[in-house]
Amino acid sequence: MSSNRKATLNYGDGKSIDFPVLGGTIGPDVVDIRTLYGKTGMFTYDPGFLSTASCQSTITYIDGDEGVLLYRGYPIEQLAEKCDFLDVAYLLMRGELPSTAEKKELDYVITHHTMVHEQLNRFFSGFRRDAHPMAVLVGVVGALSAFYHDSTDINNPEHRKISQHRLIAKLPTIVAMCYKYSIGQPFIYPRNDLSYTANFMRMMFGTPTEEYIVNPVLVRALDRIFILHADHEQNASTSTVRVAGSSGANPFACIAAGIACLWGPAHGGANEACLNMLEGIGDVSKIGEFIRQVKDKNSGVKLMGFGHRVYKNYDPRAKLMRETCHEVLGELGLGDDRLFKLSMELEKIALSDDYFVSRKLYPNVDFYSGIVQRALGIPVSMFTCIFALARTVGWIAQWNEMIGDPDQKISRPRQLYTGATQRTVPPMGMR
Ligand code: SDX
């Protein structure tokens, strides 16, 4: 990682200081400024971390200009086509794709951890039935740490491994329970004779009154959606998981923190916001007026599902998601789905409008994911829960990498203070 290159900072009165420039395997180099404050008494200033690398990582690489996304070096397009979600989970956690035997073992381990403690069911009854499922998910996942006192030593690799397996295995069960609770239907127990994603769909849409018929085309489509959402380098929720983990918090609490951050409409909540936006536009004839509102900064209206901090070209996941849309809508005979046609028209208009092109605003993973999830029967309020289910794999891989990083310290940024200088408390009568 080191190089013999340096960056020189000239910071007034003829003073200057050199910092080492570090290079990775691919992507931008970094200026190692860890000694800046100690040597100059100054901080860097980078709200939103537009130019800041918070860590080094070997898990996911994004080239925002070229629209490239690699998980452990493998292009997302190849993984989406040739692997299933547990293959990708193994890859993200262990660094290599599993052999047949390794995959069989992971399938077995995850399958046999899908049930949750029976007392966890009681957490749900404390929520109103109309609570947002993400509010329930944050609470229940955070509560998991109360059930696993046998694996709380984060410095023990075996404890970390069992926690990873439990989280990956139980998120589908808990997400399905959030949905069932919201519609007043009984929880459906997982089954060990179904694949990871088929099991999830049965827990979501099955009932005790009849056999749930698995549709392999729809299972494959949802499995691919999980793959596309599995990891994405140091995005806001992954950084939240890393920051929480840097204090030594247990992995269940860290994943709950990631879920809370993902909920925001600027991040994982965008797919729900995007579908609501499409419903609000209504039909193609209203697109022009909507675009006008988006361009009017005072309107506060954004084109949800468009734009990205890193992708300044097409998000490769959006292309794959659009293909999945076609597949699912075709399988379900919904080829003329009005929202899908509206979204494609909106994309075409936006991509021919200089306002968006000049700002490098292209569709991101959230633009089409809502339409395909809606076609799969997943309600809008559950979209971000699905995102959290898939991203748990990336979060836990990144958390595990952080714990094992010798450079890792507790995350504690500083600030540029612009508040009051020291002053004396006046007596009440003089305030
Ligand atoms: C995800 O980080 C990740 O990797 C996230 C994610 C992952 O997998 O983890 O990829 C998942 O969160 C995808 C993004 C989902 N969010 C949305 O679709 C919400 C809509 N998008 C925006 O809120 C915005 O694009 C962000 C938050 C995604 C990125 O914001 P940035 O990088 O801080 O960019 P910015 O807000 O500074 O925008 C630059 C310009 C501004 O205009 P000007 O001030 O230059 O005139 O573009 C405008 C913004 O106003 N702009 C938009 C816009 N996004 C940016 N204008 C209208 N509609 C939009 N969607």
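All figures in this text were calculated on a predicted structure; none of them were measured in a lab. (Residues numbered from 1 in each chain as written. Predicted model: local features only at pLDDT ≥ 70, side-chain atom pairs only at ≥ 80, totals over all residues. Heavy atoms only, no water.)

Where do I start with the sheet that holds strand S4 (residues 60–63) in this structure?
Here three strands make up an open sheet; going across it, the order is S4-S5-S6 and the pairing antiparallel. Two strands lie at the open edges of the sheet, namely S4 and strand S6 (74–75), each paired on one side alone. Here S4 pairs with strand S5 (residues 68–71) via four bridges, running antiparallel. Bridging across to S5, Ile 62 finds its partner in Leu 69. (Pairing = 2+ DSSP bridges. Helix = DSSP H or I, 4+ residues; strand = E, 2+ residues; numbered from the N terminus.)

Just checking my understanding: could you explain unusual backbone geometry for this structure?
Excluding glycine, residues mostly carry a negative phi; peptide bonds, for their part, are mostly trans. Positive phi, close to 55°, is recorded for Phe 49, a residue that is not glycine. With respect to the secondary-structure elements, Phe 49 resides in the loop between helix H1 (36–40) and S4. With a phi angle near 50°, Glu 233 is a residue other than glycine that sits in the positive phi range. Note that Glu 233 resides in the loop between helix H9 (216–229) and helix H10 (236–246).

What should I look at first to understand the packing of aromatic side chains in this one?
Any aromatic ring pair is given by two values, namely how distant the centres are and how the planes are angled relative to each other. Using the criterion set out here, one finds 14 aromatic pairs in the structure. Centre to centre, the rings of Tyr 179 and Phe 205 are 6.2 Å apart; their planes meet at 70°, and the pair counts as edge-to-face. Residue Tyr 179 is found in helix H7 (residues 157–183), and its partner Phe 205 is found in helix H8 (residues 196–205); the two are separated by 26 residues along the sequence. Exposure remark for Phe 205: the relative accessible area of 25% places this residue in the partly exposed category. Their ring planes at 75° and their centres at 5.2 Å tell us that Tyr 355 and Phe 356 sit as a pair that is edge-to-face. (Phe/Tyr/Trp six-rings, centres within 6.5 Å; stacked < 30°, edge-to-face > 60°. Buried < 20%, exposed > 50% of the residue type's maximum accessible area, 1.4 Å probe, protein only.)

Hey, could you run me through the packing of helix H17 (residues 365–375) against helix H18 (residues 383–403) in this one?
Any two packed helices are characterised by how steeply their axes cross, that is the angle between the axes, and by the distance between the axes. Their axes nearest at 10 Å, the elements H17 and H18 cross at an angle of 110°. What the angle tells us is that H17 and H18 run roughly perpendicular. Residues Asp 366, Gly 370, Gln 373 and Arg 374 of H17 touch H18, and the partners they reach there are Phe 383, Ile 386 and Phe 387. (Axes fitted to C-alpha atoms, helices over the stretch in contact; angles between N-to-C directions. Parallel < 35°, antiparallel > 145°, perpendicular 65-115°, else oblique. Contact = heavy atoms within 4.5 Å.)

Help me out: how do you make sense of the nonpolar core in this one?
Generally speaking, soluble globular proteins have nonpolar side chains that are buried together. In this structure, Leu 137, Val 141, Ile 174 and Met 277 are the most contacted members of the largest nonpolar core, which totals 117 residues. Considering every element that reaches this core, the biggest residue donor is H18, with 14 residues. (Core = buried A, V, L, I, M, F, W, Y, C linked by side-chain atoms within 4.5 Å.)

Would you mind showing me how to read the site of the ligand here?
Surveying the vicinity of the ligand reveals 23 residues, the closest of which are His 232, His 308, Arg 309, Arg 317 and Arg 391. Interatomic distance of 2.6 Å between a side-chain N/O atom of His 232 and an oxygen atom of the ligand. Take His 267: an N or O atom from its side chain is 2.9 Å from an oxygen atom of the ligand. Along the lines of polarity and charge, the residues of the shell around the ligand split into nine nonpolar, seven polar and seven charged. (Near = heavy atom within 4 Å. Polar contact = N/O pair within 3.5 Å; in protein donor to acceptor, adjacent residues only side chain to side chain. Nonpolar A, V, L, I, M, F, W, Y, C, P; charged D, E, K, R; others polar.)

Before we go on, may I ask you to explain the sheet that holds strand S3 (residues 30–31) in this structure?
Strand pairing within a sheet occurs via backbone hydrogen bonds; the two strands may be parallel or antiparallel. As summarised here, the arrangement of the three strands in space is S1-S2-S3, forming an open sheet in which the pairing is antiparallel. The open sheet has two edge strands, strand S1 (6–10) and S3, and neither has a second partner. When strand S2 (residues 16–22) meets S3, the two strands line up antiparallel, connected through two bridges. Within S3, the residue paired with Leu 22 across the bridge is Val 30.

Honestly, the pairing of S5 in this entry has me stumped. Any pointers?
Consecutive side chains of a regular strand alternate in pointing toward one face of the sheet and then the other. Hairpin connection between S4 and S5: a loop of four residues separates the two successive antiparallel strands, and Gly 67 in this loop has a positive phi of roughly 65°. Direction of pairing for S5 relative to S6: antiparallel, over a ladder of two bridges. Within S6, the position partnered with Leu 70 by the bridge is Pro 75. Here S5 folds back onto S6, and the loop between the two strands holds two residues, one of which, Arg 72, carries a positive phi near 55°.

Mind showing me how you'd approach the packing of helix H12 (residues 270–281) against H18 here?
It is the contact of H12 with H18, at a shortest axis distance of 7 Å, that shows an interaxial angle of 150°. Overall, the two elements H12 and H18 adopt an arrangement that is roughly antiparallel. For the crossing formed where H12 meets H18, the hand is right-handed. Within the contact between the two elements, H12 uses Asn 271, Glu 272 and Leu 275 and H18 uses Phe 383, Thr 384 and Phe 387. (Left-handed = near helix turned anticlockwise from the far one by under 90°.)

For this particular structure, what's the right way to read the state of the cysteines?
Each disulfide consists of a covalent bond between the sulfur atoms of two cysteine residues. Evaluated as defined, the whole model comprises zero disulfides. No disulfide involves Cys 325; its sulfur sits 10 Å from that of Cys 274, the nearest cysteine. (Disulfide = S-S within 2.5 Å.)

Interpretation note: all reported values are geometric properties and have no functional meaning in isolation.
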